[in-house]
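Residue-level structural notes
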Amino acid sequence: MALSPEEIQRRLERLLPTVQKPGRYTGGELNQVVKNWDETPLRVLLAFPDIYDLGMSNLGLAILYDGLNRQPDMLAERAYSPWPDMEAAMRAAGLPLYSLETKHPAADFDILGISLPYESLYTNALNLLDLAGIPLLSRDRGESQPLILAGGHAAFNPEPMADFVDAFAIGEGEELILDVARCVRDWKESGHARPHLLRSLAKIWGVYVPSLYRVGYRKDGTVAEIEALAPEAALPVTKRIVPELPPPPTRFIVPYIDVTHNRVPMEITRGCTRGCRFCQAGMITRPVRERPVGEVIDALEEALACTGYEEVAFLSLSSSDYSHILELVREVSRRFAGRHLNLSLPSLRIDSFSVELMDLLQGEARRGGFTLAPEAATERMRQLINKPVSTEQVLSTAREIYAHGWHTLKLYFMIGHPSERLEDVQAIADLSKAVLAVGQKVIGKRAKVHAGVSTFVPKPHTPFQWVPCDTTDQIEAKQSLLKRQLRGPGFKLSWTDPKETMLEAWLSRGDRRLGAVILEAWQRGAKFDAWQEHFRFDVWQEAFTAASLEPSFYTHRERPIDEMLPWDHIQAGVRKAFLSEDYLWSLEGRTRLDCRERCYACGILPRFASLRRAHPGEVWQCPEVRSPARQASESMSLTVRG
Ligand code: SF4
């Protein structure tokens, strides 16, 4: 029998003194929303499959929490993965996954919404379901169990998690979550069986119900066909977008304990027009929509008053590309003068970053490190990835940064780009040394360079979705070179474990058969895969063997352009033909400018023409649409049976 909230609270109080950081598990923070459980017909538990400390900084969940709780007939509460000490204590005490706000068991909610921003959370998502006492496989769930909804960037290839998730939210969630919640509420009132709910959900724009599709494979393991099994199941499933960014949340929950980011996260733009070929976020979040300066400032004023935070992060994929960035930072300086507000602008681009902005930031920003992301160090590689900044630009920007008082410059690079050679990796070391030399010339020995070198993983819906990923041997050879070269005073080097890169690479371009691997890995003890101390590569290898699948099939194989990809039935708005053309351009060293200067017809406009027509002007950074446009249709060899 399910435990009552009172009983959960009683058991919790007994075990909290025995675990690390009990503040993760109590709830009761400033600005949490507690609604009347019995009088609210639709209840959603929003879960982040990693610890509270990380999940509390997730803006997407904060937006959904705010949006749902604004509805009179809905409530949203929160849950996070317990750290292993707490999980062991919970299992020993018979305590299920519960909500922080009212301590109701997760299984008592109507919807369990799981955030999947990246692939290494998949086993933790299974662990949450298990802790909640909810069957892991979608097909085993009955009428009384919550709907398992998942969304986030990783959901743009939902197939590896298709067996476990009842419905995926593809794209932006602000409006979609309300449509799903209303659909579940109506279904509850109707008394229909669960399959009826799934078919109703499939009719909602942006919802993908995997059990309503069948995937066929060829003998060589590639996908042969994706078939819709019900008339309600769209082919393709087009991502959801909001035509304009809705007002941002301001009543952020303030944790009792130190979390990853203790600050107001304020989104200033969504989408990116730069077209870096490795960047999935840049492709799947188009079109670019900006928030007016006045709205940002007013919301910031309210958020600071509601939370007491002393730092704001203006979030965007490329903050310095926000059309009104100077105006915004000037206005922040004016409105919040003397209030010691720290301003953080993550994701500044080298080529759109001005000395005036640096001057303004100097007054407002914390004197921590300053981050630039050249991503590659030779002109050839930068052209290939479509980030065509020159080495001179990097050095002159570095000179200005040191001259404006920063001591540490963080440089983000990626190794493993397609066709990369060791000389391209050597160039990363050379450029880092050149930047340090520039810094030393300006501020002497106080100058520091922190080179953060991650490894490229080809992602779905990008121009590089067809390319092979480096093997662990290749990655290790490149990392050894950098470790040899970037040592000594002034340097700090960090890198990604090649085995963790392999996991990300397997899962991000995997097909539906990987569900068996994920389940097997979890059963063999895999969880917290994003944490180096918990990640167990051997378990994943065993899981592949048990499922009779070859991991390198998913990673080290060049995929032909005409191969049907496991995510071809998910439409992110950018046409597959545009992606393949861009891939061919990369091989020829051809670059594309910022598409605000020239539209490259990526597919966004025909796909969302009516929305654009209804929202003319500067709301979007894409050209306006005046005449009725034809709806773009991908030529996909998919079959529909209804
Ligand atoms: S439609 Fe044109 S302007 Fe809009 S995102 Fe695509 S290429 Fe850029």
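Residues numbered from 1 in each chain as written. Predicted model: local features only at pLDDT ≥ 70, side-chain atom pairs only at ≥ 80, totals over all residues. Heavy atoms only, no water.

A separate point is the pattern of salt bridges. What the rule picks out here adds up to 55 salt bridges. For Arg334, the salt bridge goes to Glu331, with nearest N and O atoms at 2.7 Å. Of the two residues, Arg334 and Glu331 are both situated in helix α10 (residues 325-335); the distance of three residues between them amounts to about one turn of the helix. Given the relative accessible area of 56%, Arg334 is considered exposed. Note that Lys459 is salt-bridged to Glu504, the shortest N-O span being 3.0 Å. One end of the pair, Lys459, is in the loop between β17 (448-455) and α15 (472-485); the other, Glu504, is in helix α16 (residues 498-508), with 45 residues separating them in the sequence. The exposure class of Lys459 is buried, given its relative accessible area of 12%. (Salt bridge = Lys/Arg side-chain N within 4 Å of Asp/Glu carboxyl O. Helix = DSSP H or I, 4+ residues; strand = E, 2+ residues; numbered from the N terminus. Buried < 20%, exposed > 50% of the residue type's maximum accessible area, 1.4 Å probe, protein only.)

Once that is clear, we can look at the packing of α15 against α16. Where α15 meets α16, the axes come as close as 10 Å, and the angle between the chain directions of the two elements is 140°. What the angle tells us is that α15 and α16 run oblique. For the crossing formed where α15 meets α16, the hand is right-handed. Contacts from Thr472, Ile475, Glu476 and Gln479 in α15 reach Pro498, Thr501 and Met502 in α16. (Axes fitted to C-alpha atoms, helices over the stretch in contact; angles between N-to-C directions. Parallel < 35°, antiparallel > 145°, perpendicular 65-115°, else oblique. Left-handed = near helix turned anticlockwise from the far one by under 90°. Contact = heavy atoms within 4.5 Å.)

Judged by pairing direction, the sheet is mixed, and its six strands sit side by side in the order β2-β1-β3-β4-β5-β6 without closing on themselves. Of all the strands in the sheet, the pair left with one neighbour each is β2 (74-80) and β6 (207-208). Helix-sheet contacts for helix α5 (residues 122-132) involve β1 (42-48), β2, β3 (111-115) and β4 (147-151), and the interaxial angle to β3 is about 155°. On the sheet, helix α7 (residues 194-202) packs against β4, β5 (167-169) and β6 and is oriented at approximately 25° with respect to β4. (Pairing = 2+ DSSP bridges.)

Let us look at the nonpolar core. Grouped together as the largest cluster of nonpolar side chains are 185 residues, with contacts concentrated most on Leu201 and Phe314. Counting residues per element, this core draws most heavily on helix α14 (residues 422-443), at nine residues. In contact with Phe314, not counting residues within four places along its chain, are Met266, Ile268, Val296, Leu300, Ser319, Leu328, Val332, Leu343, Ser344, Leu345 and Pro346. Among the nonpolar cores identified, the runner-up in size contains 30 residues, and Met381, Cys602, Leu611 and Val625 belong to it. (Core = buried A, V, L, I, M, F, W, Y, C linked by side-chain atoms within 4.5 Å.)

Everything listed is a geometric property; what it means functionally is a separate question.
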